[in-house]
Amino acid sequence: RKKKRKKTGEGPAAQSDLSGVALLLVESPVEKLDLHGMNARQAETRVRFFLQRHAATSSGRVVHIITGKGTRSAGAAVLPDLVRDMLMDDLSRVVAEWAGLHGGGGFAVRMG
């Protein structure tokens, strides 16, 4: 006789029980954009192009935007705030939901 195993909340079966931000953060991205080494102007252009392209090709899917934490910057980190502002403002029309990645340094974005 086989014993029934209790679900422990680990593995692929547990992912189906997740929703909202929790699911967004564990879902594998279809693509990542790494902004390390870019200035604000370069990053803004790349993020805009990246999200507009994925709005057309990846509806409902997750992408990651890696900003870094700015620990090697001379001043305060610029890119995390820039990307967050873009997601909340002019790019909100192509984004269904977004959240900061665990540990900081980037964002998980579900395309609308």
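Heads up: the structure comes first, above all this text.
All residue numbers refer to positions counted from 1 along the written sequence of the respective chain. The model is predicted, so local features are restricted to residues of pLDDT at least 70 and side-chain atom pairs to those at 80 or more, both for listing and for counting; the totals for chains, interfaces and linings are taken over all residues. Hydrogen atoms and water are omitted, and side-chain values are computed over all heavy atoms in the structure.

Q: I tried to follow the overall build of the protein chain on my own but got confused; where do I start?
A: Along the backbone of the protein chain there are four helices and four strands. In sequence order, the protein chain lays out its α and β elements as α-α-β-α-β-α-β-β. Remark: exposure states derive from per-residue accessible area (1.4 Å probe, protein chains only) relative to the maximum for the residue type, with buried under 20%, exposed over 50%, and partly exposed in between. The burial tally for the protein chain puts 33% of its 112 residues in the buried class. At a minimum sequence separation of 6, the contacts of the protein chain that also span at least 24 residues come to 65%. Under the convention used here, a 1.4 Å probe and the Shrake-Rupley method define accessible areas, while residue burial counts only the protein chains that appear. Total accessible area on the protein chain is roughly 7,500 Å²; 50% of this is exposed by carbon and sulfur atoms. Under the scheme used here, helices are H or I runs from DSSP no shorter than 4 residues and strands are E runs no shorter than 2 residues, and both carry numbers assigned from the N terminus. The contact definition used throughout considers only heavy atoms, calling two residues in contact when any of these lie within 4.5 Å.

Q: Sorry, what's going on with helix H3 (residues 40–57) here?
A: What sets the pattern is the α-helix's 3.6 residues per turn: residues three or four places apart point alike. Compared with an ideal rise of 1.5 Å per residue, which puts 18 residues at 26 Å, H3 spans 26 Å between its outermost C-alpha atoms and is within 8% of the ideal. By the burial criterion, the buried members of H3 are Ala43, Val47, Phe50, Leu51 and His54. Along the axis of H3, the buried residues cluster in a sector spanning 90°; they form a single face. Every exposed residue of H3 that faces more than 90 degrees away from the buried side is listed here: Arg41, Thr45, Phe49 and Ala56. Looking at the buried residues of H3, the elements they touch are strand S1 (31–34), strand S2 (62–66), helix H4 (79–88), strand S3 (95–100) and strand S4 (106–111). We define a polar contact as two N or O atoms separated by no more than 3.5 Å, with the added condition that, inside protein, one atom must be a possible hydrogen donor and the other a possible acceptor, whereas residues neighbouring each other in sequence contribute only through side-chain atom pairs. With a side-chain oxygen lying 3.1 Å from the backbone nitrogen of Arg41, the N-terminal cap of H3 falls on Asn39. Expected helix span is taken as 1.5 Å per residue step, with the number of steps being one fewer than the number of residues. Each direction from the helix axis to a C-beta atom contributes to the arc, which is the arc of those directions.

Q: Would you explain the packing of H3 against H4 in this entry?
A: Helix-helix packing is characterised by the crossing angle of the two axes and by the distance between the axes. The axes used here are C-alpha line fits, helices contributing only the stretch in contact, and every angle between their N-to-C directions lies in the interval 0 to 180 degrees. One can describe the packing of H3 onto H4 by two numbers: an axis separation of 10 Å at closest approach and a directional angle of 35°. As H3 packs across H4, the resulting crossing turns out to be right-handed. Contacts between H3 and H4 pair Ala40, Ala43, Glu44, Val47, Arg48 and Leu51 from the former with Leu79, Leu82, Val83, Met86 and Leu87 from the latter. Put simply, Ala, Val, Leu, Ile, Met, Phe, Trp, Tyr, Cys and Pro go in the nonpolar bin, Asp, Glu, Lys and Arg in the charged bin, and everything else, Gly too, in the polar bin. In terms of residue class, the contact of H3 with H4 is made up of nine nonpolar, no polar and two charged. Handedness of each helix crossing follows the sense of rotation of the near helix against the far helix: counterclockwise by less than a right angle gives left-handed, clockwise gives right-handed.

Q: Can you walk me through the side chain of Arg110 in this structure?
A: Looking at the element boundaries, Arg110 is found in strand S4. We classify Arg110 as buried; its relative accessible area is 11%. Non-local contacts of Arg110, meaning those with residues more than four positions away in its chain, are made with Leu23, Leu24, Glu27, Gly60, Arg61, Val62, Val95, Ala96 and Glu97.

Q: Sorry, what's going on with the pairing of S2 here?
A: Two faces belong to every sheet, and in a regular strand the side chains alternate between them. In terms of burial, S2 is largely enclosed, as five of its five residues are buried. Where burial is concerned, the two faces of S2 agree: the one with Val62, His64 and Ile66 and the one with Val63 and Ile65 are both buried. Two strands pair when backbone bridges link them, and S1 and S2 are joined in this way by four bridges, in the parallel orientation. For Glu31, the partnering residue across the bridge sits in S2 and is Val63. The path from the first strand over the helix to the second decides the hand: if it runs clockwise while the strands point away from the viewer, the crossover is right-handed. In terms of handedness, the path from S1 via H3 over to S2 forms a crossover that is right-handed. Note: S2 against S4, five bridges, orientation antiparallel. In the strand pairing of S4, Val63 is matched with Val109. For two strands to be treated as a pair, DSSP must find no fewer than two bridges joining them.

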